[in-house]
Amino acid sequence: MNSTRLIICSVLITNIGILLIVNRAHGSQQASALFVFGDSLIDNGNNNYLDSLAKADYYPYGIDFFEGPTGRFCNGKTVIDGMCDLLGLPYLPAHANPNMNGSKLLAGVNYASAAGGILDVTGTFLGDRYSLKQQVLHFEEDLNEIKNLFSHDEDYNEYLSKSIVVMVLGSNDYINNYLVPTLYTSSYTYTPEQYANLLLNEYTRQILAVQSLGIRKFLLAAVGPLGCIPNQRASAGGPDCVDQVNQIVGYFNRGLGSLVKQLNTDHPDSVFLYGNTYDTLGDMLNNPDKYGFTVVDEGCCGLGRNRGQITCLPFAVPCTERSRFVFWDAYHPTEAVNLILAKRAYSGPPSDIYPINLQQLAKL
């Protein structure tokens, strides 16, 4: 009798939790859930559980984050953390965390993996990582578990319709693939335009795979100005941005913008947004005073030229005025930049995010 009551109570508690998640989408919590796919720009600890060289589970990573080092490649919050703050959502669990299952997945999951890319072969020299295809398979597995928490299909479908997917990918397919000719033949095999099309074709397949599972709201982020990160500046031997790298990335971003328009035309039951990360971050680099930045060409934590030849090592001493730096390490922006990017995605004009912003998307 007692065990029966315990089971009934467990079911009731789970159902109440689901109702709260769905109902909050109409209150301070503006979406049922946030599911994110990406790379080290938004990885929040998945690579902690992998045999990988690409990890950030040590100090001074997380020096300004309330939980300390978590696997975030930043001094503090990622752009996804900023979006969660604005959408009224809790910070997302990392998919690879074995303690995250069942109702703990209801508000969303982070599948992002450092060194992971759109292509399966990207980042292989850094060890284990989840490619986009693997991340999508993990998402499908979690959705099966989430669906079992709902008593009625109508409630589950409503939950999915109010959920948002954010994808931040493409950077590694350049800096850990196309731009490393000593390890990859892609730059010999494909012109920049051909390579961008290769990436976009695979990206489209995975986006539509997620859409086929019931998701109807997407934010697809452009690749930032990779030629301006400390690592690329240092590799070129000077303080300036590497224009050739930015031009190569431009093929992908223009194609992604066109893809978003095409997806919105072909799938009127869904909404796809293009996040113009390239121009937004570019404005910070070109007009740093407007944002309170004073250092745009070197990392806050790192070694060598531009503090970008060797990225932030364990127990390295970072800069003290981190809010003045655009870049935290050789590859990644500071929390200050991430929060600006999140706010511009949430409430920015069409020049920042197209055709509507994240706040407007959440209200649909």
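As the structure is a computational prediction, the values presented were derived from the model and not from experiment.

Q: Could you clarify how one ought to interpret unusual backbone geometry in this entry?
A: Note on backbone geometry: most residues besides glycine have negative phi, and most peptide bonds are trans. A cis amide bond, omega 10°, links Tyr-59 with the succeeding residue Pro-60. Along the chain, Pro-60 turns up in the loop between strand E1 (34-38) and helix H2 (79-87). The omega angle of the peptide bond from Tyr-354 to Pro-355 is 0°, so this bond is cis rather than trans. The topology assignment puts Pro-355 in the loop between strand E10 (353-354) and helix H13 (358-363). The phi angle at Ala-115 is positive, at roughly 80°, despite the residue not being glycine. Relative to the helices and strands, Ala-115 resides in the loop between strand E2 (108-110) and helix H3 (132-147).

Q: Would you take a moment to explain the packing of aromatic side chains for this structure?
A: Two aromatic rings, taken as a pair, are described by how far apart their centres are and by the angle between their planes. Scanning the entire structure with this criterion turns up 22 aromatic pairs. Ring geometry for Tyr-190 versus Tyr-195: centroids 6.3 Å apart, planes at 45°, classification tilted. Aromatic ring contacts, followed pair by pair, group Tyr-174, Tyr-178, Tyr-190, Tyr-195, Tyr-203 and Phe-252 into a single cluster. A cation over a ring is seen here: Arg-254 above Tyr-251, with NZ or CZ 5.1 Å from the ring centre. Over the ring of Tyr-354 we find Lys-261; its NZ or CZ atom is 5.6 Å from the centre of that ring.

Q: Help me understand the state of the cysteines in this model?
A: A covalent bond between the sulfur atoms of two cysteines is referred to as a disulfide. The full count for this structure, using the stated rule, is 3 disulfides. Here Cys-300 connects covalently by a disulfide to Cys-319, the sulfurs 2.0 Å from one another. Residues Cys-300 and Cys-319 share a disulfide whose torsion about the S-S bond is about -105°; that sign makes it left-handed. Of the two residues, Cys-300 is situated in the loop between strand E6 (295-299) and strand E7 (302-303) and Cys-319 in the loop between strand E8 (310-311) and strand E9 (325-327); the sequence distance between them amounts to 19 residues. Pair check on accessibility: Cys-300 and Cys-319 agree, each one buried. Here Cys-301 connects covalently by a disulfide to Cys-312, the sulfurs 2.0 Å from one another. Across the S-S bond of Cys-301 and Cys-312 the torsion is about 70°, and the bridge reads as right-handed. Placement of the pair is Cys-301 in the loop between E6 and E7 and Cys-312 in the loop between E8 and E9, with a sequence separation of 11 residues. As far as the burial class goes, Cys-301 and Cys-312 line up, both buried. Disulfide partners in the protein chain, listed by the sequence order of the bonded cysteines, are 1-2, 3-6, 4-5. No disulfide involves Cys-74; its nearest neighbouring cysteine sulfur is the one of Cys-300, lying 9.8 Å away.

Q: Help me out: how do you make sense of the environment of Gly-102 in this one?
A: Mapped onto the elements of the fold, Gly-102 is located in the loop between H2 and E2. Of the residues examined, Gly-102 reaches a relative accessible area of 15% and is grouped as buried. Taking C-alpha positions, Gly-102 is 28 Å from Gln-359, a pair spaced 257 residues apart along the chain. With sequence-adjacent residues up to four places away left out, Gly-102 is seen in contact with Glu-145 and Leu-149.

Q: Honestly, the packing of helix H5 (residues 171-178) against helix H7 (residues 192-211) in this entry has me stumped. Any pointers?
A: A pair of packed helices can be characterised by two numbers: the angle between their axes and the separation between those axes. Two numbers describe how H5 lies on H7: the axes approach to 11 Å, and their chain directions differ by 130°. For the element pair H5 / H7, the angle class is oblique. In this structure, H5 crosses over H7, and the sense of that crossing is right-handed. Side by side, H5 and H7 meet where Asp-173, Tyr-174, Asn-177 and Tyr-178 of the first sit next to Pro-192, Tyr-195, Ala-196 and Leu-199 of the second. Split by residue class, the contact of H5 with H7 holds 6 nonpolar, 1 polar and 1 charged.

So, how was this worked out
- Residues numbered from 1 in each chain as written.
- Predicted model: local features only at pLDDT ≥ 70, side-chain atom pairs only at ≥ 80, totals over all residues.
- Heavy atoms only, no water.
- Helix = DSSP H or I, 4+ residues; strand = E, 2+ residues; numbered from the N terminus.
- Phe/Tyr/Trp six-rings, centres within 6.5 Å; stacked < 30°, edge-to-face > 60°.
- Lys NZ or Arg CZ within 6 Å of the ring centre and 35° of its normal.
- Disulfide = S-S within 2.5 Å.
- Buried < 20%, exposed > 50% of the residue type's maximum accessible area, 1.4 Å probe, protein only.
- Contact = heavy atoms within 4.5 Å.
- Axes fitted to C-alpha atoms, helices over the stretch in contact; angles between N-to-C directions.
- Parallel < 35°, antiparallel > 145°, perpendicular 65-115°, else oblique.
- Left-handed = near helix turned anticlockwise from the far one by under 90°.
- Nonpolar A, V, L, I, M, F, W, Y, C, P; charged D, E, K, R; others polar.

Note that all results are geometric; they support no functional claim without further evidence.
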